Amino acid sequence: MDSQHLGSSYQEPRILYRNNGNGTFTDISGSAGPGITAVSSSRGLATGDLWNDGHLSAVVSNMNAPPSLLVNDVRNANHWVTFVTQGAFSSSSPSQKYKSNRDGIGAKITVKAGLRTFVDEVRSGSSYISNNDMRVHFGLGAATKIDSVEVRWPSGLLERFENLTVDAIHKLKEGSGMPARAAAKKR
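Report on the accompanying structure.

Conventions and cut-offs
Residues numbered from 1 in each chain as written. Predicted model: local features only at pLDDT ≥ 70, side-chain atom pairs only at ≥ 80, totals over all residues. Heavy atoms only, no water. Core = buried A, V, L, I, M, F, W, Y, C linked by side-chain atoms within 4.5 Å. Buried < 20%, exposed > 50% of the residue type's maximum accessible area, 1.4 Å probe, protein only. Helix = DSSP H or I, 4+ residues; strand = E, 2+ residues; numbered from the N terminus. Contact = heavy atoms within 4.5 Å. Pairing = 2+ DSSP bridges. Salt bridge = Lys/Arg side-chain N within 4 Å of Asp/Glu carboxyl O.

## Describing the nonpolar core
In summary, soluble globular proteins display a tendency toward joint burial of nonpolar side chains.
Then, in step 1: One finds Phe-83, Ile-109, Val-111, Phe-138, Leu-140 and Val-149 to be the most contacted residues of the largest nonpolar core, which totals 21 residues.
Then, in step 2: Only strand S6 (79-86), strand S7 (108-113), strand S9 (136-141) and strand S10 (148-152) provide two or more residues apiece to this core.
Then, in step 3: Ignoring any residue separated from it by four or fewer positions in sequence, one finds Phe-83 in contact with Ile-109, Val-111, Arg-135, Val-136, Phe-138, Val-149, Leu-164, His-170 and Leu-172.

As structure tokens, this is what we get:
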């Protein structure tokens, strides 16, 4: 492609944006280091907490080259929480009340910490020929306490989990939380 001079290149630098927290993003690629500014032909991206320390890193698949490991070594006073979900998947028992898939794929997790509410979903797919960590990670900023965690399981069950700590990985198992009621919709 490069030899044809078509106006774009086969190898390009990566782009990294910072979420400003107000619905806008800032391009910080130029100051993010050689892992971002080096040119390559990249295709897939997978993110995850590779060392279980609350710092998300990334693996980028490259065409005709080894993958790139972009390690998040930024240290700050911010807090985080990560969740592993396990659905109750026994469908052989007629008395089984909840029937989500084993990994809880599709479970919607809502975390309230201080004045902020965080929402994410357990997903099994992510990027081209790549897959993110299936654990759900929330960056909590300065919040030192989790006020509540609710999970809407694929089966429809809504549960509340209490007394969960920050800076930790928690396993949430369908049927082990306290039943919660959905909030009334505003008209």
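Past the structure itself, the notes keep going.
## Let's talk about the pairing of strand S12 (residues 168-173)
Then, in step 1: Residue alternation in S12 divides its side chains into a buried set, Ala-168, His-170 and Leu-172, and an unburied set, Ile-169, Lys-171 and Lys-173.
Then, in step 2: Pairing geometry for S6 and S12, over six bridges, is parallel. Across the sheet, Thr-82 pairs through a bridge with Ile-169, a residue of S12.

## A word on the pattern of salt bridges
Then, in step 1: Counted according to the given criterion, the structure contains seven salt bridges.
Then, in step 2: Between Asp-133 and Arg-135 there is a salt bridge whose closest N-O contact spans 2.7 Å.
Then, in step 3: The exposure class assigned to Arg-135 is partly exposed, which follows from its relative accessible area of 21%.
Then, in step 4: A salt bridge links Arg-160 to Glu-162; its shortest N-O distance comes to 3.1 Å.
Then, in step 5: Judged by its relative accessible area of 27%, Arg-160 falls in the partly exposed class.

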